[in-house]
Amino acid sequence: MDKLRSMEVFVAAVDAGSFAGAAERCGMSAVMVGKHIRQLEALLGASLLTRTTRRHALTEIGRQYAAQCRQILAQIDAAESVAERMRAAPRGLLRVTAPVSFGAQWLSPAVADYLARWPDVAVELSLNDRMVDMVEEGFDVAVRVGPLPDSGLVARPLRPYGMTICAAPSYLARHGTPRTPADLAGHECLEFTGWDQQTRWQLKGQKDGRHVRPGRIRANNTQALRMAALAGFGIVMQAESILRPDIAAGLLVPLLQDYLPPPRPMHVLYSRDRQATPKLTTFVAFLLERFGQGLSLGSVPRVCPLGD
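The model shown is predicted, which means the values in this text are computed figures rather than measured ones. (Residues numbered from 1 in each chain as written. Predicted model: local features only at pLDDT ≥ 70, side-chain atom pairs only at ≥ 80, totals over all residues. Heavy atoms only, no water.)

(A) Seen up close, the overall build of the protein chain. Of regular secondary structure, the protein chain possesses 10 helices and 12 strands. Taking all 308 residues of the protein chain together, 43% fall into the buried category. For the protein chain, contacts bridging at least 24 residues in sequence account for 73% of all contacts bridging at least 6. For the protein chain, the exposed area adds up to about 16,000 Å²; of that, 53% sits on carbon and sulfur atoms. (Helix = DSSP H or I, 4+ residues; strand = E, 2+ residues; numbered from the N terminus. Buried < 20%, exposed > 50% of the residue type's maximum accessible area, 1.4 Å probe, protein only. Contact = heavy atoms within 4.5 Å. Areas by Shrake-Rupley, 256 points an atom, 1.4 Å probe, with all protein chains shown as cover.)

(B) Quick peek at the confidence of the model for the protein chain. On average, residues of the protein chain score 84 in pLDDT, and 87% of them are at 70 or above. Overall, residues 295–308 carries pLDDT values under 50, and its contacts beyond four positions in sequence, including any with other chains, amount to 39 contacts. (pLDDT = per-residue confidence, 0-100.)

(C) Inspection of the side chain of T164 at higher detail. By the secondary structure assignment, T164 is in strand β7 (residues 163–167). Contact partners of T164, with chain neighbours within four places excluded, come to V236, M237, Q238, E240, L243, I247, Q257 and L260.

(D) Inspection of the packing of aromatic side chains at higher detail. This model, assessed by the stated rule, comprises five aromatic pairs. Ring geometry for F102 versus F291: centroids 5.2 Å apart, planes at 65°, classification edge-to-face. Separated by 189 residues along the polypeptide, F102 in helix α5 (residues 100–117) and F291 in helix α10 (residues 278–291) bring together distant segments of the chain. By way of ring pairs, the aromatic residues F102, Y161 and F291 are connected into one cluster. Across the ring face of F139, the terminal group of R95 is positioned such that the distance to the ring centre comes to 4.3 Å. (Phe/Tyr/Trp six-rings, centres within 6.5 Å; stacked < 30°, edge-to-face > 60°. Lys NZ or Arg CZ within 6 Å of the ring centre and 35° of its normal.)

(E) Up close: the pattern of salt bridges. Enumeration according to the criterion identifies 11 salt bridges in this entry. Among the ionic pairs, D15 bridges to R70, the shortest N-O distance being 2.6 Å. A residue pair is termed long-range when its members are at least 10 positions apart, and D15 in helix α1 (residues 3–16) and R70 in helix α4 (residues 60–88) qualify at 55 residues. Note on D15: relative accessible area 39%, which makes it partly exposed. The partner of E124 in a salt bridge is R95, with the nearest N and O atoms 3.1 Å apart. Of this pair, E124 sits in strand β4 (residues 121–127) while R95 sits in strand β3 (residues 92–98), placing them 29 residues apart in sequence. Look at E124 and you get partly exposed, because its relative accessible area is 35%. Through salt bridges with shared partners, a single network forms among E188, R213 and R216. (Salt bridge = Lys/Arg side-chain N within 4 Å of Asp/Glu carboxyl O.)

(F) Expanded view of unusual backbone geometry. The backbone of L256 sits at a positive phi, close to 50°, despite the residue not being glycine. Mapped onto the elements, L256 comes out in the loop between β11 (253–255) and β12 (264–271). For L256, a relative accessible area of 8% gives the class buried.

(G) Up close: the nonpolar core. Core analysis: the biggest nonpolar cluster contains 53 residues, and L107, I165, W201 and L287 have the highest contact counts within it. Here this core takes six residues from α10, the largest share from any one element. Formed by 20 residues, the second largest nonpolar core is a distinct cluster that contains A13, C26, M28 and C69. (Core = buried A, V, L, I, M, F, W, Y, C linked by side-chain atoms within 4.5 Å.)

(H) Just the environment of A104, in detail. Take A104: it is sitting in helix α5. Put simply, A104 and L127 are 23 residues apart on the chain and 7.6 Å apart in space, counted from C-alpha to C-alpha. Those residues within four positions of A104 in sequence are excluded, and the remaining contacts are P109 and L127.

(I) Main features of the sheet that holds β11. Spatially, β10-β7-β11 is the arrangement adopted by the three strands of the open sheet, whose pairing is antiparallel. Each edge of the open sheet carries a strand with a single partner, namely β10 (236–239) and β11. Going across the sheet, the axis of each strand differs from the next one's by a mean of 50°, ignoring polarity. Bridge count between β7 and β10: four bridges; the pairing is antiparallel. Note that in β10 the partner of M163 across the bridge is A239. Strands β7, β10 and β11 of the sheet are contacted by helix α9 (residues 240–248), whose axis makes an angle of about 115° with β10. (Pairing = 2+ DSSP bridges. Axes fitted to C-alpha atoms, helices over the stretch in contact; angles between N-to-C directions.)

(J) Structural view of the packing of helix α8 (residues 222–230) against α9. For the pair α8 and α9, interaxial distance at closest approach is 12 Å and the crossing angle is 25°. In terms of orientation, α8 lies roughly parallel with respect to α9. Viewed along their axes, α8 and α9 form a crossing whose handedness is right-handed. Across the interface between the two elements, Q223, R226 and L230 of α8 pack against I242, L243 and D246 of α9. Of the residues that constitute the contact of α8 with α9, the class distribution is three nonpolar, one polar and two charged. (Parallel < 35°, antiparallel > 145°, perpendicular 65-115°, else oblique. Left-handed = near helix turned anticlockwise from the far one by under 90°. Nonpolar A, V, L, I, M, F, W, Y, C, P; charged D, E, K, R; others polar.)

Structure below.
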C-alpha cells in the first residue's frame, strides 16, 4: 500500500473518530481503512489507536504521529498547488545559454521584452562560445550557431547567421585591399578559436582555409576580434549583424563580398525530456517569433537551415 495514502486514511480515521467515518470520507470500506492503519502500525512497530467496540482513541505515539502526518500532507498539498500554478502560467527561473555576440547584441534585449510580457519569470543568461552540455549543466534552452551534431535535443530553426569580412580603413591604407581569397595569404587575419579547423576562413569557391596563414591574434570571443579589427590590426570575419553598425559608421570596410561563406544555421534547442512548462513553451515561441526564419536582422539573407 502507498504510505502517503495510509497516512491520509489514518488522519481521516482520527478526524472521523471511527473506521466507518474514515471509510465514507476516503471512498473505501471500513475493512480497507483497518488494513491501512495496521500497515502503518507494522511499519512503526507501535500501536496508533486503542480500539473499543464503538470508537478509537489515539495512543501517545498515535497523537504525535497524527500531528506529523498532518504537516506532511499539508506540505504535499502546498507543493502540488505550486506545481499547478506553474503549469497554469509562465513562472519560475529559466536558464538559457547562447553564443556571446548574438547573446549580447540580440538575445539580451529580446529577453528584456519577454520578461516585460511575463513578470513572474526570471531568466539566467549564460553567454559562452563553447558547446555546453545542456542536460549536464542544467540549461532549459540553448541557442546555437552552426551545424548541429546528432543529439536527443529538439531543434527549432531560427534565421541563419550571415557572415561578412571587414577591415579598418587604417589597416587597408597600410597593407592594401585583398581582391580574392588567395590575397589573404599576405594579410593579418584575425582568428576565432571556436571555428572548426577544417572550415576556418573557408570562403566561397575555396575547399578550406589554407590560403589564410595562422593569425597572430587568436581569441575565443568575437568582440575581442572586432575590437582588434577596429584598432587596425587585421581583417575580421564575423556575423554581418554584429559588424553592420561599424560598417555604417565607416569604421570598417566590407571586403571580398563575392566570396562570403554561406550563412550558418542557427537553432533554438531544448531537451526532449524537459517538461513542457509554460515558461519553456512561451520562451521558445517568443524566440521563434523574434528570430524566426521569416524575419530579418537587416540584410542577413534567408536560407533553409539544417533539420527541424
